[in-house]
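Understanding the architecture of this molecule
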Amino acid sequence: MTVHLHWFLPTGGDGRTLVDQHAYTDGGITRNRAGAVAGVRAPDIEYLAQIAKAAERLGFEAVLTPTGTWCEDAWLTTVALAQHTERLKFLVAFRPGVLSPVLAAQMAATYQRITRGRLLLNVVTGGDSVEQRRFGDHLDHDQRYARTAEFLSVVRGVWSGRPYDFQGEHYQVEGGLTALPPDPLPEVFFGGSSAAAGPVAAEHADVYLTWGEPPWQVKEKIDWIRGLAEERGRTVRFGIRLHTISRDTSREAWATAERLLADLDAETVAAAQALLGRSESVGQQRMLALHGGGSLDRDRLEIAPNLWAGVGLVRGGAGTALVGSHADVADRIEEYHDLGVEHFVLSGYPHLEEAYWFGEGVTPLLAARGLLSTLPASPLLAGAAGFGGGR
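As a starting point, this report considers the structure included with it.

The rules behind each value
- Residues numbered from 1 in each chain as written.
- Predicted model: local features only at pLDDT ≥ 70, side-chain atom pairs only at ≥ 80, totals over all residues.
- Heavy atoms only, no water.
- Buried < 20%, exposed > 50% of the residue type's maximum accessible area, 1.4 Å probe, protein only.
- Helix = DSSP H or I, 4+ residues; strand = E, 2+ residues; numbered from the N terminus.
- Pairing = 2+ DSSP bridges.
- Right-handed = clockwise from strand over helix to strand, strands pointing away.
- Polar contact = N/O pair within 3.5 Å; in protein donor to acceptor, adjacent residues only side chain to side chain.
- Contact = heavy atoms within 4.5 Å.
- Salt bridge = Lys/Arg side-chain N within 4 Å of Asp/Glu carboxyl O.
- Arc of directions from axis to C-beta.
- Core = buried A, V, L, I, M, F, W, Y, C linked by side-chain atoms within 4.5 Å.
- Axes fitted to C-alpha atoms, helices over the stretch in contact; angles between N-to-C directions.
- Parallel < 35°, antiparallel > 145°, perpendicular 65-115°, else oblique.
- Left-handed = near helix turned anticlockwise from the far one by under 90°.
- Nonpolar A, V, L, I, M, F, W, Y, C, P; charged D, E, K, R; others polar.
- Expected span 1.5 Å × (residues − 1).

Across the five residues that make up strand β6 (residues 119-123), a large majority, five, are buried. Of the two faces of β6, the one carrying Leu 119, Leu 121 and Val 123 and the one carrying Leu 120 and Asn 122 are both buried. Bridging between strand β5 (residues 89-94) and β6 involves five bridges; their strand directions are parallel. The partner of Leu 91 across the bridge, within β6, is Leu 120. On the question of chirality, the crossover connecting β5 to the parallel β6 by way of helix α4 (residues 101-115) is right-handed.

Turning our attention to unusual backbone geometry. In this chain, Asp 183 is followed by Pro 184 through a cis amide linkage whose omega measures 0 degrees. Tracing the backbone through its elements, the reader meets Pro 184 in the loop between β8 (172-176) and β9 (188-190). Of note, the bond from Tyr 349 into Pro 350 is cis; its omega dihedral lies within 30 degrees of zero at -5 degrees. Residue position: Pro 350 is located in the loop between β15 (341-347) and α14 (351-361). Positioned with a positive phi, Arg 116 is a non-glycine residue whose angle comes to about 60 degrees. Mapped onto the fold, Arg 116 is located in the loop between α4 and β6.

With that out of the way, let us pick up the side chain of Glu 213. Mapped onto the fold, Glu 213 is located in the loop between β10 (207-211) and α8 (215-231). Taking the relative accessible area as the measure of exposure, Glu 213 reaches 1% and is therefore buried. Among the polar contacts made by the side chain of Glu 213, one reaches the side chain of Lys 221 at a distance of 3.3 Å. With residues up to four places along the chain from it excluded, the contact list for Glu 213 reads Val 218, Lys 221, Arg 286, Met 287, Leu 290, Leu 307 and Tyr 336.

Okay, the side chain of Arg 247 next. By the element assignment, Arg 247 lies in strand β11 (residues 237-247). By relative accessible area, which is 9% here, Arg 247 ends up buried. The residues touching Arg 247, leaving out its near neighbours within four places in the chain, are Glu 252, Ala 253, Thr 256, Gly 324, Ser 325, His 326, Glu 354 and Trp 357.

The subject of this paragraph is the pattern of salt bridges. Applying the stated criterion to the full structure yields 14 salt bridges. In this structure, Asp 223 engages Lys 219 in a salt bridge whose closest nitrogen and oxygen atoms are separated by 2.8 Å. Of this pair, Asp 223 and Lys 219 both sit in helix α8, four residues apart, which is roughly one turn of that helix. For Lys 219, a relative accessible area of 40% translates into the label partly exposed. Between Arg 247 and Glu 354 there is a salt bridge, and its shortest N-O distance comes to 2.7 Å. You can see Arg 247 sitting in strand β11 and its partner Glu 354 sitting in helix α14, a full 107 residues away along the chain. With relative accessibility at 2%, the residue Glu 354 sits in the buried group. Each of Arg 16, Arg 41 and Glu 353 takes part in salt bridges that share partners, so that together they form one network.

All of the buried residues along helix α3 (residues 74-81) are Ala 74, Trp 75, Thr 77, Thr 78 and Leu 81. Within α3, the buried residues cover an arc of 170 degrees as seen down the axis, which keeps them to one side. Of the surrounding secondary structure, the elements contacted by the buried residues of α3 are α2 (45-57), β4 (62-65), β5, α4 and β6. Its side-chain oxygen 3.2 Å from the backbone nitrogen of Trp 75, Asp 73 forms the N-cap of α3.

What follows covers the nonpolar core. Counting 98 residues, the largest nonpolar core has Leu 5, Phe 90, Trp 308, Tyr 336, Phe 344, Phe 358 and Leu 366 as its most contacted members. Leave out the neighbours within four places in its chain, and Leu 5 touches Phe 60, Glu 61, Ala 62, Phe 344, Leu 346, Phe 358, Thr 363, Leu 366 and Leu 372. By size, the runner-up hydrophobic cluster in this structure holds ten residues, among which are Ala 62, Ala 93, Phe 189 and Val 207.

Further remarks concern the environment of Asp 263. Tracing the backbone through its elements, the reader meets Asp 263 in the loop between α9 (250-262) and α10 (266-276). Along the backbone, Asp 263 and Leu 18 are 245 residues apart, and their C-alpha atoms lie at a distance of 8.0 Å.

Next up on the list: the packing of α3 against α4. Where α3 contacts α4, the axes come no closer than 11 Å and their chain directions differ by 15 degrees. Taken together, the axes of α3 and α4 are roughly parallel relative to one another. Crossing of α3 against α4: the hand is left-handed. The residues of α4 that touch α3, namely those facing Trp 75, Thr 78 and Val 79, are Met 107, Ala 108, Tyr 111 and Ile 114. Looking at the contact of α3 with α4 residue by residue, the class counts come to six nonpolar, one polar and no charged.

Further remarks concern the environment of Arg 315. Relative to the assigned elements, Arg 315 resides in the loop between β13 (307-308) and β14 (321-325). Arg 315 sits in the buried class, given a relative accessible area of 9%. Taking the C-alpha atoms as reference, Arg 315 lies 8.3 Å from Leu 276; in sequence the two are 39 residues apart. In terms of polar contacts, Arg 315 uses its side chain to reach the backbone carbonyl oxygen of Ala 318, at 3.3 Å. Engagement of the side chain of Arg 315 in a polar contact is seen with the side chain of Tyr 349, the distance being 3.1 Å.

Compared with the 18 Å implied by 1.5 Å per residue over 13 residues, the 18 Å span of α2 between its first and last C-alpha is a close match. Regarding α2, the residues found buried are Tyr 47, Leu 48, Ala 49, Ile 51, Ala 52, Ala 54, Ala 55 and Glu 56. Contacts from the buried residues of α2 go to β1 (4-8), β2 (14-15), β3 (40-41), β4, α3 and α14. Gly 59, located one to two residues past α2, shows a positive phi value of around 95 degrees.

Rendered as structure tokens:
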């Protein structure tokens, strides 16, 4: 079992700060240059294309694109970026409750043909009722997961290429059809930490994706989902969503983490924590529990070796980062891999520069340890190897 490395597209804005909760409200989309927040980059297609090209150049397999009212639409953005790349896959996040499952199946099929098979799907059930209502969705937490199960049943049924009927509580489909099913079928990534989420993952997910909890907690999740899948005669693979701060030395990496913290103050953190604390997401509550209620103390924020919970002080969702030297970060990835994690969906602030820090620092170490099938064909890495060999 080798490692699959993925990066992230910041379609809600990017920058040299933990921008998600305190530095911007619109990602710079409507600000002019004079009114822009220092260090915050708008998610225009030119900048996102730089990140996508860098990810492809550095050997990342895919990029995750988020979903929500705070970012650009993932389907439209990534199909545009597919025209700027050749091999990079796109892990498109979307919410089942906001579109028909038959339409989603057709969209996926079209996407696969346009991009020549570069689509992966990240199904996001949604853990915040306030945001779900913005989309016109008024189901409660557990009902949303029940609907997701029906949604994925319909999508896979429609992909059979034959008329498909389905009668459920949330969907009634007669003769649903995708005349030309996607080839290959997109892998389905799915996450959720609640009791309602587990059976959905076990029944429908190809890859169960967890946020970056300490290794012993990740192992508990893997054992839980694996057991549920075995009861259903299925095998599920596993992935983890983490930020990274990787440098030539551990001291440099932790200095970068401290700089990110220096942008924050207690009032900002308290406001973000109050907002995030209202989430119905069990995964979000687990993230909040990791960092001790909003402490800015580094000793309390390093919750496991090289695992830093500082991002989660102001950012919803994935709130932990691997921080350390390139070898430190490679060690932690190997530790998670030994638990059964194959897919690593990574990111960092800013996403363009951090992609290079990781791709040129950590990726060669993973390849040397036999965790990657081949060393990514980066011209920069190849050039360095060539000079070394010549000497």
